[in-house]
Amino acid sequence: MNDSDGLLEIARAAAAEGSRLLTTTGPGEVRSKGDRDFVTDLDFRIQNSIRTSLNRATPDIGFLGEEQDASDRDTPVEYRWVLDPIDGTSNFIHGLPLCAVSLALTCEDVPVLGVIAAPFLNLEYYASTGNGAFCNGHRIKASHTRSLGQAIVSIGDYAVGENADEKNRRRLALTTTLATHVERVRMFGSAALDLAWVAEGRTDACVLLTNKPWDMAAGVIIARESGAVVTDSDGEQHCMTSRHTVAASPALSKPLLDLVASTF
């Protein structure tokens, strides 16, 4: 796949169309996907619109969207578009502006370009391998914070659904440990923005005890291209088959990972 600039422009245009729908169309019917987990008509409309655009522009590239049949998810392809049409659906439903369209291109489970469009915040993040990370056309860099005591660290949502109590024991332990050691803990409710804001240096790190590809792929490549270190919770390099997602400024990566490990 040689034309990374062309593919990035295709992705940006597709995400921009999703952003337009997000800001001009109501959620429509809100349906339950499970325990305290919801999907809107607009999730499906944005996904279908973006998928149609990508299939037209890049018919040889596979597609994985959050709101699609599970049978489509295991089809083996080298390159695949990965989309979350509304990352932060619960925020969107409740009128909170922390939500985004998150679109990435992966090669064998490693993201090679990504776009995160947060239209209610007037923010567009994008990156491709080896070309740096950008927000609204300006180069961005991860923070240079060296001390956990001076770090703003965001965490992922608490779990809902199956085994939520067991999963949340770990999340609550992590929250307690971080609260004892870092300057502040934050929860934004959007993994895409967690990673984008580490990339931009708004926050210094994020710890997400999950790794769904549509949530993470775009943010991972944007954070990496900004100079952040992105790993699994065991310190191994992050990919789409990792268990967890930890992104941090370079000086904070090891001490943060040690802190995370102490909660397991």
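Residues numbered from 1 in each chain as written. Predicted model: local features only at pLDDT ≥ 70, side-chain atom pairs only at ≥ 80, totals over all residues. Heavy atoms only, no water.

1. Some thoughts on the sheet that holds strand 9 (residues 138-140)
- If you walk across this open sheet you meet the 7 strands as 3-4-5-6-7-8-9, and the pairing is mixed. Strands at the two margins of the open sheet, each flanked by one partner only, are strand 3 (62-65) and strand 9. Geometrically, the sheet is characterised by an average inter-axis angle of 20° between neighbouring strands, direction not taken into account.
- With 4 bridges joining them, strand 3 and strand 4 (residues 79-87) adopt parallel strand pairing. Opposite glycine 65, over in strand 4, you have leucine 83 as the bridge partner.
- Along the sheet, helix 1 (residues 4-24) contacts strand 4, strand 5 (100-107), strand 6 (110-118) and strand 7 (123-128); its crossing angle with strand 6, the most-contacted strand, is approximately 35°.
- The sheet contacts of helix 6 (residues 213-225) involve strand 3, strand 4, strand 5, strand 6, strand 7, strand 8 (133-135) and strand 9, and relative to strand 6 the element is tilted by about 100°. (Pairing = 2+ DSSP bridges. Helix = DSSP H or I, 4+ residues; strand = E, 2+ residues; numbered from the N terminus. Axes fitted to C-alpha atoms, helices over the stretch in contact; angles between N-to-C directions. Contact = heavy atoms within 4.5 Å.)

2. Description of the packing of helix 4 (residues 164-181) against helix 7 (residues 250-261)
- Remark: helix 4 packs on helix 7, axes separated minimally by 9 Å, with the N-to-C direction vectors making an angle of 135°. Judged on the interaxial angle alone, helix 7 and helix 4 are oblique. Note on packing geometry: the crossing formed by helix 4 with helix 7 is right-handed. Side by side, helix 4 and helix 7 meet where Leu174, Thr177, Leu178 and His181 of the first sit next to Leu256, Leu259 and Val260 of the second.
- When the residues that make up the contact of helix 4 with helix 7 are grouped by side-chain class, the tally is 5 nonpolar, 2 polar and no charged. (Parallel < 35°, antiparallel > 145°, perpendicular 65-115°, else oblique. Left-handed = near helix turned anticlockwise from the far one by under 90°. Nonpolar A, V, L, I, M, F, W, Y, C, P; charged D, E, K, R; others polar.)

3. Notes on helix 7
- Counted at 1.5 Å a residue, the expected span for helix 7 with its 12 residues is 16 Å, and the 18 Å between its end C-alpha atoms agrees.
- Three or more residues of helix 7 are buried, namely Leu252, Ser253, Leu256, Leu257, Leu259 and Val260. Down the axis of helix 7, the sector holding all buried residues measures 160°, keeping them to one side. (Expected span 1.5 Å × (residues − 1). Buried < 20%, exposed > 50% of the residue type's maximum accessible area, 1.4 Å probe, protein only. Arc of directions from axis to C-beta.)

4. Some details on the sheet that holds strand 14 (residues 245-248)
- Reading across the sheet, the 5 strands line up as 11-10-12-14-13 and stay open at both edges, with mixed pairing between neighbours. Edge positions in the sheet fall to strand 11 (184-186) and strand 13 (229-231), since each of these pairs with one other strand and no more. Ignoring which end each strand starts from, the neighbouring axes of this sheet average 15° apart.
- In this structure, strand 10 (residues 152-155) lies alongside strand 11, joined through 3 bridges in parallel fashion. Paired with isoleucine 152 across the strands is arginine 184, a residue of strand 11.
- Along the sheet, helix 4 contacts strand 10, strand 11 and strand 12 (205-208); its crossing angle with strand 10, the most-contacted strand, is approximately 175°.
- Each of strand 10, strand 12 and strand 14 touches helix 5 (residues 191-200); the most contacted strand, strand 12, lies at about 150° to it.

5. Quick look at the state of the cysteines
- In the structure shown here, the tally under the stated rule is 0 disulfides.
- No disulfide involves cysteine 99; its sulfur sits 16 Å from that of cysteine 135, the nearest cysteine.
- Relative accessible area serves as the criterion here: at 0%, cysteine 99 is assigned to the buried category. (Disulfide = S-S within 2.5 Å.)

6. Focus: the side chain of glutamate 124
- In this structure, glutamate 124 sits in strand 7.
- Only 2.8 Å separates the side chain of glutamate 124 from the side chain of arginine 12, close enough to count as a polar contact.
- Once residues within four sequence positions are removed from consideration, glutamate 124 is found in contact with Arg12, Val115, Ile116, Ala117, Phe134, Cys135 and Asn136. (Polar contact = N/O pair within 3.5 Å; in protein donor to acceptor, adjacent residues only side chain to side chain.)

7. Details of the nonpolar core
- Ile116, Tyr125, Ile140, Leu195, Trp197, Met216 and Ile222 are the most contacted members of the largest nonpolar core, which has 36 residues in total.
- Elements with a contribution of two residues or more to this core: strand 5, strand 6, strand 7, strand 8, helix 5, strand 12 and helix 6.
- Those residues in contact with tryptophan 197 that sit more than four places away from it in its chain are Leu98, Leu121, Leu123, Tyr125, Phe188, Arg202 and Thr203.
- Listed in part, the 27 residues of the second largest apolar core include Leu21, Tyr79, Leu103 and Ala117. (Core = buried A, V, L, I, M, F, W, Y, C linked by side-chain atoms within 4.5 Å.)

8. Digging into the side chain of glutamine 47
- Inspection of the secondary structure puts glutamine 47 in helix 2 (residues 41-57).
- The class of glutamine 47 is buried, set by a relative accessible area of 3%.

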